[in-house]
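Coordinate analysis (summary)
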Amino acid sequence: MIGLSHYLIVSAIIFSIGLIGVLRRRNLLMLFFATEIMLNAVNIAFAAISHYYNDLTGQMFAFFIIAIAASEVAVGLGILIVLYKKHGSLDLDDLASMRG
Amino acid sequence: MFENFITSLMTVEGFAFYLFSFLTIGLFSVTVMSKNILYSMTSLAAAMVLVSGFFFLLGADFLGVIQIIVYVGAVIALYAFAMMFFDATRDIKEKNTNSFVVFLLGGMSALVLVLMFAAPIHSNDIQALYPMTEGVGNAQDVGMVLFTKYLVPFEVAAVMLLVAMIAGIILAGKKMNHSITENMEIDNDAKDEIMIQKDKE
Amino acid sequence: MENLVYIALFAPFAGSLFASLFGMKEREIFVGVVASILIFISFLASALLAANLYMTGEVIHVRMMDWIAVGDFNVGFGFVVDHISVTMMSVVTLVSTVVHIYAIGYMDHDRSFNRFFSYLSAFVFSMMILVMSDNFLGLFIGWEGVGVCSWLLVGFWYHKEDKPKEENPSISPSWAANEAFIMNRIADLGMLIGIFILYWNTGSLRYDEVFAQLPYLSETVLAGAAIALFIGAMGKSAQFPLHTWLTDAMEGPTPVSALIHAATMVTAGVFLVVRSNPLYAMPEVSGVSMFIASLGTFVAFYAASMALVERDLKRIIAYSTLSQLGYMFAAAGLGAYWIALFHLAAHAFFKALLFLGGGNVMHAMNDELDLFKMGNLKKEMRATWLYMGFASIALAGLPPLAGFWSKDAIIETAFNEQTYILWFMLVVTAGMTAFYSFRQVFLSFHGEDRHTPLGFHPHEMYTFALVAMFPLAVLALITGWFMSAYKVFIYHIGESVQYEMSEHTHHLAIYLGLLVIFIVLASIAYAYMKYARTGDKAWKRDEAKEQGFFYKLLKNQYYVPKFYEEFITKPYSMISEKFWTGVDLKIVDATVDNIAKFFYTTGDKTRSMQTGNLSNYLNWMAVGGVILLAVAAVSAIFM
């Protein structure tokens, strides 16, 4: 039988893939993708827990996470466009302007 | 262990789970590894659809539908539109972080998380806060909880989405009349703060 | 009547607060005037209370408020006006009034005139708390308040430099103030222990309750309490070996010296012993009382001997105070508490007069105090000469002045108790007292004029200051006449203060008195022959004699200050230095420094993390996240 652990493990693996993406890529757009992956991984975990404990709270959280992800994409893409207009690039190395 | 895998593979649910798992993991890996934005976006969209498969498997029908509508319908579409501002056809050139460090960190976190989740969970003392109602469809059930117990967060989320929408429009909408991928030498009098760089190629 | 008690107590306090309002301002005469008037009001209230007590014999107890109430421990802020405290109140406020008025003239040119009056009134207020409190804790508060105010006042000219001791026997006021304060602190510890012992064993701090319990206490407890309390009295009243601060405290302004010596500070020790007379009269502590009497006699003799060779005008008067305090303790130790108290009052008047006269001289001589540089001042300062001469007669103890009656009673007491050694020493001391006080008078006011060649142009003090001193002169004259009346008055307080000479002594009293008078007159005559003559027989400095052993011994105060410096101050500062360099710098400071250094170096080393590249930051964040996860996992396993 497929148990809760199976889902949680899949979720953990997907989360780690997202983390690898965040760490490895320098392109801001790719970082956004990786963030989406991580959010999805968490959603899977929530849905699984909700199912196995017969509790709707997990699904509620998943809904709100989806809402947050949507708004994050809307704002984030706006910022990306402005950045691209300004620097002509989305590479983090080109944006290293925070060194004091 | 392995027999267990085989026997569960024989059931519909088990088969579907493993199928979705391998596919999502593979597709997400492609998303993270691919040099081409279009490829990675496509694989991301496909993986999102497959994630909704998990939700259906788990009986969260409504969540699965939302997943498809919001992620694949809205988010990926948004990315696709945003892609039009950037040069999507080109391969991304970036010097990736030392892959040893990356995989070590990713692997470590995966290992720790898996170890934690693989451990038996003592579920006896966990009480359902909003238990699912028997004989009622998932959508109806979710609706009942969402519009009673979670009404205020729901409204707040709505306002947040509105704010995000306006913010996105304003951020992206500024100076829309300037193209940023075309060669801008014609438009010499664009002397505002937008710094336009030529393609480095 | 209760209101009078509060007026007597708080009028000086009001004066102090009023003066402190102007503490930072330029000199304002009205500040001094207001403070003096308030002290005078306090004196009037005290005098009315005394009169009331004399008429009705009714002791007033006032309980102002609960002060400390913790569990079983309950101390009220209460005051008592009985025969002992009313005597002290009247004396203190009277002398303080005169000193306040005098100080208006004396501190005329001082920049911190207003500040001086706020301290002076606070000093009087502390002393009033001390004498009026009806419990030991209130007494202790006043005791400490007096200590603090004396520190402020002795060190009033804190900006003065430390002068070398060879040229001029003078030290800096701030040093003297610290010395006085620290010595008193040592003694106060003893006093505090005494209070603890009494509270521990009687469960109360009120005088009447404590004294009522005394017969039920063991001998050890009684002796311990008596000794500990007397140690406190020794510090405040500058008894040997804690006496050195008193002469050094002469560095303060002269009105302060007058106040310290006559009314507000050194008498506190005698007052404590008199106040605790039921304790010291217990047969179990007769040893302690005998010790007090012996120590008092010794100090009387010891201080008088040092005064014989002193050149500093104010220091001579200071030694005389020390000597007279010795007399008071001798009387108290022998059980004649009322005589001690009476001598305290009489002494306060003529000693204040003497000091204020000394202040006049000092004022006239531009702060020069060396007797060898004076001589024949009487032609410029006739009034001061009269006052000083008069006070010196009183101090020397010639009838009919105040000093004779009280001092003679003490000497008689010593005879009466058949402690003939004490009696003999007290008689000798009386002769020495007469000699040194007239040596001082003759050296300064008579003989050859030595000051004009040195460029001094003395001038008399302001008239109002001289007028203000007049009541003291009158009191120095008449106080002694009321001795028997006072005896009747104070006998009301209880059996323990009552003291009567035996029949045998009564018969001999007239001869004893005549003997003392004869010795005193002889000493005065000798002093006159030696110091007062002019012309060929005028006094000359005898350098050879000044090199003599005894002269040097006395001049250096028996080397006691030197002993303290060599064996207490220097080792202490050496130990402190060791602790400073060894413990404080190497351990305490180093610990703190190393903690700071640790953070500096870690900050310095980890600064390279701040590359400004977001990707790097993300990596570090992931490292942190993984570590947190690992910690969570590990703790989950072990929980």
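Residues numbered from 1 in each chain as written. Chains lettered and ligands numbered in written order. Predicted model: local features only at pLDDT ≥ 70, side-chain atom pairs only at ≥ 80, totals over all residues. Heavy atoms only, no water.

Thoughts on the overall build of chain A
- Across its full length, chain A holds 3 helices and 0 strands.
- Counting helices and strands in the order they occur from the N terminus, chain A gives α-α-α.
- By residue count, 68% of the 100 residues in chain A fall in the buried class.
- Within chain A, residue pairs in contact and separated by at least 24 positions form 60% of the contacts whose partners lie at least 6 positions apart.
- A total of about 3,100 Å² of accessible surface is found on chain A, and carbon and sulfur atoms cover 70% of it. (Helix = DSSP H or I, 4+ residues; strand = E, 2+ residues; numbered from the N terminus. Buried < 20%, exposed > 50% of the residue type's maximum accessible area, 1.4 Å probe, protein only. Contact = heavy atoms within 4.5 Å. Areas by Shrake-Rupley, 256 points an atom, 1.4 Å probe, with all protein chains shown as cover.)

Quick notes on the overall build of chain B
- A tally of helices and strands in chain B yields 7 helices and 0 strands.
- Taking as baseline every contact in chain B between residues at least 6 positions apart, the subset at least 24 positions apart corresponds to 46%.
- Carbon together with sulfur atoms contributes 70% to the accessible area of chain B, which is approximately 12,300 Å² in total.

Brief notes about the interface of chain C and chain A
- Facing 10 residues of chain C, the contacting portion of chain A comprises 12 residues.
- If you look at where chain C meets chain A, you find 0 salt bridges.
- One can count 0 residue pairs in polar contact (both at pLDDT 80 or more) joining chain C with chain A.
- When the residues that make up the side of chain C that touches chain A are grouped by side-chain class, the tally is 4 nonpolar, 6 polar and no charged. (Salt bridge = Lys/Arg side-chain N within 4 Å of Asp/Glu carboxyl O. Polar contact = N/O pair within 3.5 Å; in protein donor to acceptor, adjacent residues only side chain to side chain. Nonpolar A, V, L, I, M, F, W, Y, C, P; charged D, E, K, R; others polar.)

What about the packing of helix H2 (residues 28-52) of chain A against helix H4 (residues 61-83) of chain B?
- With their axes 13 Å apart at the nearest point, H2 of chain A and H4 of chain B run at an angle of 180° to one another. Here H2 of chain A lies roughly antiparallel to H4 of chain B, going by the angle between them. Note on element contacts: H4 of chain B touches H2 of chain A through Leu 63, Gln 67, Tyr 71, Val 75, Tyr 79 and Met 83 of chain B, opposite Leu 29, Phe 32, Phe 33, Glu 36, Leu 39, Asn 40, Asn 43 and Ala 47 of chain A.
- Residue composition of the contact of H2 of chain A with H4 of chain B, grouped by class: 10 nonpolar, 3 polar and 1 charged. (Axes fitted to C-alpha atoms, helices over the stretch in contact; angles between N-to-C directions. Parallel < 35°, antiparallel > 145°, perpendicular 65-115°, else oblique.)

Re the side chain of Gln 324 of chain C
All names here are of chain C.
- Structurally, Gln 324 is set in helix H14 (residues 313-333).
- The exposure class assigned to Gln 324 is buried, which follows from its relative accessible area of 0%.
- Ignoring any residue separated from it by four or fewer positions in sequence, one finds Gln 324 in contact with His 343, His 347, Lys 351, Leu 395, Lys 407 and Thr 433.

Re the confidence of the model for chain B
Residue and element names in this part refer to chain B.
- For chain B, mean pLDDT is 79; residues scoring 70 or higher make up 78% of the total.
- Averaged over each element, pLDDT in chain B is lowest for helix H1 (residues 2-10) (77) and highest for helix H2 (residues 12-33) (91).
- Note that residues 183-201 has pLDDT below 50 and, in this model, 18 contacts with residues that lie over four places away or in other chains.
- Across the interfaces of the predicted complex, the ipTM metric reaches 0.89, alongside a pTM of 0.68. (pLDDT = per-residue confidence, 0-100.)

Examining the environment of Met 501 of chain C
Residue and element names in this part refer to chain C.
- Positionally, Met 501 belongs in the loop between helix H20 (483-490) and helix H21 (503-532).
- Residue class for Met 501 comes out buried when judged on its relative accessible area of 18%.
- Once residues within four sequence positions are removed from consideration, Met 501 is found in contact with Ile 339, Ala 409, Glu 412, Thr 413, Asn 416 and His 506.

Things to note about helix H17 (residues 402-416) of chain C
Residue and element names in this part refer to chain C.
- Counted at 1.5 Å a residue, the expected span for H17 with its 15 residues is 21 Å, and the 21 Å between its end C-alpha atoms agrees.
- Across the 15 residues of H17, 14 count as buried, placing the element largely inside the fold.
- Phi turns positive, to about 60°, at Gln 418, one or two residues after H17. (Expected span 1.5 Å × (residues − 1).)

A closer look at the nonpolar core
- Among the nonpolar cores identified, the biggest contains 217 residues, and Val 95, Phe 136 and Tyr 280 of chain C are the most heavily contacted of them.
- The residues contacting Tyr 280 of chain C, other than those within four sequence positions of it, are Ala 226, Leu 229, Phe 230, Val 273, Val 285, Val 288, Ser 289, Ile 292 and Tyr 337 of chain C.
- Counting 80 residues, the second-largest nonpolar core is a separate cluster that includes Tyr 7 and Val 73 of chain A together with Tyr 18 and Ala 45 of chain B. (Core = buried A, V, L, I, M, F, W, Y, C linked by side-chain atoms within 4.5 Å.)

A closer look at the pairing of strand E1 (residues 60-70) of chain C
- Of the strand pairs in this sheet, E1 of chain C and strand E2 (residues 73-81) of chain C are connected by 9 bridges, and their pairing is antiparallel. From the neighbouring strand, Val 70 of chain C faces E2 of chain C, where its bridge partner is Phe 73 of chain C. (Pairing = 2+ DSSP bridges.)

Side note on the interface of chain A and chain B
- Listed by partner, the interface residues are 72 residues for chain A and 91 residues for chain B.
- Summed over both partners, the interface of chain A with chain B buries about 7,400 Å², with 73% contributed by carbon and sulfur atoms.
- The largest contributions to the chain A side of the interface with chain B come from Arg 24, Phe 33 and Lys 85 of chain A, which together make up 10% of the buried area.
- Counting across the interface, chain A meets chain B through 0 salt bridges.
- Here chain A is connected to chain B by 9 residue pairs in polar contact (both at pLDDT 80 or more).
- Secondary-structure elements contributing two or more residues to the side of chain A that touches chain B are helix H1 (4-24), H2 and helix H3 (57-87) of chain A.
- The element contributing the most residues to the side of chain A that touches chain B is H3 of chain A, with 26 residues.
- For the side of chain A that touches chain B, the residue count by class is 47 nonpolar, 15 polar and 10 charged. (Buried area = accessible area lost by both parts, 1.4 Å probe.)

Observations regarding the pairing of E2 of chain C
- Counting buried positions along E2 of chain C gives 7 out of 9 residues, so the element sits mostly inside the fold.
- Counting the residues in the hairpin turn of E1 of chain C and E2 of chain C gives 2 residues, including Gly 71 of chain C, whose phi is positive at 60°.

Some points on the packing of aromatic side chains
- If you walk through the whole model with that rule in mind, you get 52 aromatic pairs over all chains.
- Relative to Tyr 558 of chain C, the ring of Tyr 302 of chain C has its centre 4.8 Å away and its plane inclined at 20°; by these criteria the two rings are stacked. With Tyr 302 of chain C in helix H13 (residues 286-307) and Tyr 558 of chain C in the loop between helix H23 (549-555) and helix H24 (560-606), the pair connects residues that are 256 residues apart, well separated along the chain.
- What makes Tyr 558 of chain C partly exposed here is its relative accessible area of 26%.
- Measuring from centroid to centroid gives 6.0 Å for Tyr 486 of chain C and Phe 489 of chain C, while their planes differ by 45°, and the two rings are tilted. One end of the pair is Tyr 486 of chain C and the other is Phe 489 of chain C, both in helix H20 and 3 residues apart, which spans about a single turn. When sorted by exposure, Tyr 486 of chain C lands in the same class as Phe 489 of chain C, which is buried.
- Members of the aromatic cluster, connected to one another through ring pairs, are Tyr 7 and Tyr 52 of chain A together with Phe 17, Tyr 18, Phe 20, Phe 22 and Phe 54 of chain B. (Phe/Tyr/Trp six-rings, centres within 6.5 Å; stacked < 30°, edge-to-face > 60°.)

Some remarks on the environment of Pro 571 of chain C
- Mapped onto the fold, Pro 571 of chain C is located in helix H24.
- If sequence neighbours within four positions are ignored, Pro 571 of chain C has contacts with Glu 565 and Glu 566 of chain C.

Structural notes on the packing of helix H3 (residues 83-106) of chain C against helix H15 (residues 337-364) of chain C
Residues and elements named next belong to chain C.
- One can describe the packing of H3 onto H15 by two numbers: an axis separation of 10 Å at closest approach and a directional angle of 5°. By the criterion of interaxial angle, the relationship of H3 to H15 is roughly parallel. Counting all contacts with H3, which are made through Ile 84, Thr 87, Met 88, Val 91, Leu 94, Val 95, Val 98, Val 99, Tyr 102, Gly 105 and Tyr 106, the residues of H15 involved are Leu 341, Leu 344, Ala 345, Ala 348, Phe 349, Ala 352, Leu 356, Gly 359, Asn 360, Met 362 and His 363.
- Residues of the contact of H3 with H15, tallied by class, amount to 17 nonpolar, 5 polar and no charged.

Here's the deal with a nonpolar patch on the surface
Residue and element names in this part refer to chain B.
- Side chains of Val 49, Phe 56, Val 65, Ile 68 and Ile 69 sit close together on the surface and give an oily, nonpolar patch of about 380 Å² of accessible area.
- Among the elements of the structure, helix H3 (37-57) and H4 are those that each provide at least two residues to the nonpolar patch.
- Per element, the largest residue contribution to the nonpolar patch is 3 residues, and it comes from H4.
- Inspection of the secondary structure assignment puts Phe 56 in helix H3. (Patch = residues over 30% accessible without salt bridge, like charges linked within 9 Å, V, L, I, M, F, W, Y side chains within 5 Å.)

Points about the pattern of salt bridges
All names here are of chain C.
- Using the criterion set out here, one finds 13 salt bridges over all chains in the structure.
- Salt-bridge contacts for Lys 379 lead to Glu 380; the nearest nitrogen and oxygen are separated by 3.5 Å.
- Within this structure, Asp 134, Arg 206, Asp 208 and Glu 209 form a network of salt bridges that share partners.

Thoughts on the environment of Tyr 199 of chain C
All names here are of chain C.
- Inspection of the secondary structure assignment puts Tyr 199 in helix H6 (residues 173-202).
- Counting along the chain gives 26 residues from Tyr 199 to Ala 225, while the straight-line C-alpha distance between them is 10.0 Å.
- If we ignore the near neighbours within four places in the chain, the residues touching Tyr 199 are Asp 72, Phe 73, Ser 204 and Leu 205.

Digging into the side chain of Thr 31 of chain B
- Relative to the elements of secondary structure, Thr 31 of chain B occurs in helix H2.
- By relative accessible area, Thr 31 of chain B is classed as buried at 1%.
- Non-local contacts of Thr 31 of chain B, meaning those with residues more than four positions away in its chain, are made with Arg 25, Met 30, Phe 33 and Ile 37 of chain A together with Ser 40, Ser 43 and Leu 44 of chain B.

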